[in-house]
Amino acid sequence: MLRRIVVGIRREDPKRVWERRAPLTPADVAYLLSRNPQADVLVAPCHRRVFRAEEYEKAGAHVTNDLRAADIVLGVKEVPLEELPLPSPASPNNATHIMFSHTHKGQAYNTPLLSRFVAPTNSPERVRQLYPSLIDYELLKNKDGDRTVGFGWFAGVAGALEALSSMAHYHLEQGIASPFLYTPRPHNSSSLKHAQHQLKQIGKIIAEYGTPEPLGPFVIGVTGSGNVSKGCLDMLKELPLKYVTVDELEGLVKNPDTDRRKIYLVHAKPSDYFKRTDGLSYDRTHYYESPQTYESVFHERVAPYLTLLLHGAGWAPGFPRVMSTTQLALALEKARGLGGLRCTNIGDISCDIEGGLEFLSHSTTLSSPFFKFTPPSLASSLSPLPEVQIMSVDILPTSLPYEASKSFSSKLVPYLQTLIHSKSGQPNNVSEKFKEKNKDYKEDATQLATALGNATIAKDGSLSERDAWLQPSVDKFYTGLGINTSTASAADVLKEGSAATNEQSAVAPEPTANEEAPPQVHGRPKRILMLGSGMVAKPAVDMIAARPGIELIIASNSLPELQSLVQAHPHVKYRVADVSDPESYKHLVEESDVVISLLPVNFHPQVGQLCVKHGKHLVTASYISPAMAALDESAKSANVLLLNEIGLDPGIDHCSAISLLSQIRSMGHEVVSFSSFCGGLPAPEDSLDVPLRYKFSWRPQGVLGAATNSARFLLGGELRNVPGQSLLRSAFPSVPITSDFKLEGLPNRDSMVYCDTYDLDASKMRTVIRGTLRYPGFSQLMNTFLQLGFLNTTSRIHIERWEDFVKQSLVAQYSSSSSAAVPSIQDLVSPASDEMHNLLEALTWLGLLSPASGAGTHRFSASAIDRTSMPALPKGPATPLDLFAYLLSHKLRYGPEERDMVVLSHEIVSRPSSASTAALGSPLKETVHTSTLISYGSPTLGSAMSRTVGIPVAIAALLVAEDKVPKSLRGVVGPMDESVYKPVLEGLEGVGLGMSEGVKEVDVSEASLRDGMFGAPTTIERALIDLGPAGSRAFSSGLPDGMESHAAKGIEAQA
């Protein structure tokens, strides 16, 4: 007796408002039921579907919301997780789901879906048998390896129209109206024939009047050789086409006489843009056997010349991409020299997320069919690259739902009939009647069964042998949920891994008339949104991603950085967004509980405004700017916390200083001296081979710009003001923090504002200084660069070779002065001095002077990277500072095995509050408190700078998300509250970034301030006073008049 088989047709994800297709038409339902009396068909009602429920009922199907009885569940796109039946011992789920799952290429964003079909590694057989099976339409192929079931041709047809429409909007934004503004969008057309007719009318306009002159020759490129590209090419036939080859593109675009009454179409084949790395010619068989031996040159040969790219080529892991994100940047750089807004419009019809086009971060919808993406600028670019508009609608065929569904259903029927026979125990066969109806159908029953097996991704909780490489991603997903992948039971997995919480999730919720909202999930985890994906993001991501009960979403405009950040965390989501445009990420802010902004500081206030508007808390590592401070009252009114200054400096410095000051005050002491220095540097052994003894892990503009900041500080009772142009001459030659290596210090901006920050009584303070640490010699050499005009930001120069930079900078710096002639290097630096020797040595090593005119041999080496190479010359004029920064970013970058280092040091001198009443002549005791952090980067943990900025941010964000910060703390604040700084310091201690504290007592006398009469100063404060750049300093102890004079006599004599 045959077993009854139930086929279920589920509704599509309600969030996909435009999805109207059906995997089976009512006519084919009727056919299946007539040929398979042992089968029943259930159809979930959906008011969007192109076929009405009544049509299915007339065909013999039952319309119901409950599909739990289904043995085979059909859908078009991915099933929503909350609607996927939950396997359990009491209610096993042995259904076979067939859909376009978008999982078999390792798409990280769908790992949660794949995990609903695959058990953790080492799960027992009884657990695995509870899982459903997954078949993917995309893998159904005939004996020749061609795909047999799909919407490819309709995707190509609709994609060509959508991409032309998207492109016309982009051109209009740039001030150019083209005939393609009249392109019909397929979902607005009454039929496919009607859309073709409208496009033909546009073609007639072009044939008569031509395309707009600013666009130049209009070139459309098509990739792919399957049904998608065939659909594109068939639709484009309505235009006045002229077919060209890839080799003709450059001449065509550069020829001013090219006829603009034609649309030039290039169908680029793999042989046009994939080349072998061994120099041999492209060979198709060899390509598929050894794809790793090929690389793409699409960005050189094709992309720069295209007005529109219609991408229809498929892609699989292990194969070269058609174009990477970096290659897109190279193509744009080349294209903007050609004019015509080339390489700025793409229709990715294949819609392979992070696939053939690496920068395709997400699909779009018919409601919002395109998005803009700007790749990171090249090092050689002195201006931002243009935006690229990408149409990536992943449900293009649904804009032609009736015709697309009919075609798809007819191709699916034989596979479905074979599956029904297999599950019911009936022998497989394909009826002659069906073959007669489908003349192009050539597969026999055995081939159909084999094809279904080959298209199976998961069965009985296990991946197919072909897809076994995906198991680690699944296990990482489970591990991220806190599940032990070696011992987990099905109950463990489902309890932690599913948005739904009981078997009723298998029942589709009653649809409303418009089906606008998906089923609600209660008790969701706290959600943290991270804006930015730069250097400091990884440690923060790693820490937050490891915390149970927290959902992390990262948004950035750099797809490669996003992909790298989530590689080890499949459960972490990411979105590509234009961080300069709040409109592109405001919905992410609305959906979050806490926002972390790792964007440049000037973006923080607009993020803060969004957070206040939507009642979300914000965490940043940057100083509180005036624009951010202005949000204080509105944030308090909205009950929002805008927590700033929680990185390294500012951040850890605040937390450690306030903690130490709190301890000191609890002793009944008053503070008389506060010195704090911080710096990010190369590790000592990695600093010896380069000028400045400094290396850059990010843009050097910040370091160079800070070299001319003004400063104000109190030292030894004297208030010092240092103009920006004098800062480098005001360096302290020795800051004795450690005996392991020597350091110099530069005063950092206005130190006196920290009297309020740290509640220091300015009237009792003799020293208040905050500074930046560098290795000895940095300030002197950088000051020489300043004199030569290298830090000039007001003039622009253009150089033909790097050897011209010095002369051009001098001209820009001094030509507007009253001097009759521009000074030479010898005029500015004493020829016989060590300063001149160091300068010539550095300029020669940097490639700015030829060895013949430089210092001859020098002490610097090539080290871990090729320091002798020079970067390509930038195009166009730029300021000397920007050019110098660009050179330094190339020459002074970290090598692969080199380490960075962070040094943070506080020295606080205190004395008993009763000290002022001590008897005259009795020795005055002061206590010197130190708090120091010296941390080195490592290949496994990351750079010291990224950890000391990213980890405090992560700890603070988790504190806020988990409601561990009192509700009384609201508005714009730094980490000054104990509820913030104390757990931050404890968390840092736990990851090896704790502060090392020390205490010693000294007599305020001549002998006690030095290690012996002529020894080294015993405190940082004393070293700054003794060894400061301006020589002797008057020293004010802050004591009453008589005691001050008594204490100062010996000190001044020694100073």
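Our structure is the block above this text.
Cut-off values and rules
Residues numbered from 1 in each chain as written. Predicted model: local features only at pLDDT ≥ 70, side-chain atom pairs only at ≥ 80, totals over all residues. Heavy atoms only, no water. Helix = DSSP H or I, 4+ residues; strand = E, 2+ residues; numbered from the N terminus. Buried < 20%, exposed > 50% of the residue type's maximum accessible area, 1.4 Å probe, protein only. Phe/Tyr/Trp six-rings, centres within 6.5 Å; stacked < 30°, edge-to-face > 60°. Lys NZ or Arg CZ within 6 Å of the ring centre and 35° of its normal. Pairing = 2+ DSSP bridges. Right-handed = clockwise from strand over helix to strand, strands pointing away. Core = buried A, V, L, I, M, F, W, Y, C linked by side-chain atoms within 4.5 Å. Contact = heavy atoms within 4.5 Å. Expected span 1.5 Å × (residues − 1).

A. Focus on unusual backbone geometry. Here the bond from Asp649 into Pro650 is cis, since omega is 15°, no more than 30 degrees from zero. Here Pro650 lies in the loop between β23 (641–643) and α24 (652–666). For Leu341, which is not glycine, the phi torsion reads 55° and is therefore positive. Turning to its location among the elements, Leu341 is positioned in the loop between α12 (325–335) and β13 (345–348). Residue Leu341 is classed as partly exposed on the basis of its relative accessible area, which comes to 26%. A positive phi angle, near 50°, is found at Arg749, a position not held by glycine. Its place among the elements puts Arg749 in the loop between β27 (744–747) and α26 (754–757).

B. Quick peek at the packing of aromatic side chains. For the structure on display, the rule yields 32 aromatic pairs. Counting every residue linked through ring pairs, the aromatic cluster contains Tyr273, Phe274, Tyr282, Tyr287, Tyr288, Tyr294, Phe298 and Phe319. Between the NZ or CZ atom of Arg21 and the centre of the ring of Phe151, over which it lies, the distance is 4.4 Å. Over the ring of Tyr754 we find Arg770, and its NZ or CZ is 4.1 Å from the ring centre.

C. Examining the pairing of strand β8 (residues 241–244) more closely. With four bridges connecting them, β8 and strand β9 (residues 263–268) associate as parallel partners. Bridge pairing in β9 links Tyr243 to Leu265. Following the backbone out of β8, through helix α8 (residues 249–254) and into the adjacent parallel β9, one traces a crossover that is right-handed.

D. Main features of the nonpolar core. If you look at the biggest cluster of nonpolar residues, it comprises 110 residues, and the most contacted ones within it are Phe298, Ile528, Met530, Ile554 and Val619. Of the residues forming this core, the biggest block, 13 residues, is contributed by helix α32 (residues 944–961). With residues up to four places along the chain from it excluded, the contact list for Ile554 reads Met530, Gly532, Val541, Leu562, Leu565, Val566, Val572, Lys573, Tyr574 and Arg575.

E. Highlighting helix α31 (residues 880–891). Compared with an ideal rise of 1.5 Å per residue, which puts twelve residues at 16 Å, α31 spans 16 Å between its outermost C-alpha atoms and is within 8% of the ideal. Counted residue by residue, α31 has ten buried out of twelve residues, so it is predominantly covered. Here α31 has its buried residues at Pro880, Leu881, Leu883, Phe884, Ala885, Tyr886, Leu887, Leu888, His890 and Lys891. Packed against the buried residues of α31 are α25 (701–706), α27 (778–787), α28 (805–814) and α30 (834–845).

F. Representation of the environment of Leu641 within the structure. Within the secondary structure layout, Leu641 lies in strand β23. Once the C-alpha coordinates of Leu641 and Cys611 are considered, the two residues, 30 residues apart in sequence, prove to be 9.0 Å apart. In this structure, Leu641 is in contact with His617, Leu618, Val960, Val965, Leu969, Arg970, Gly971 and Val973, ignoring residues within four places of it in sequence.

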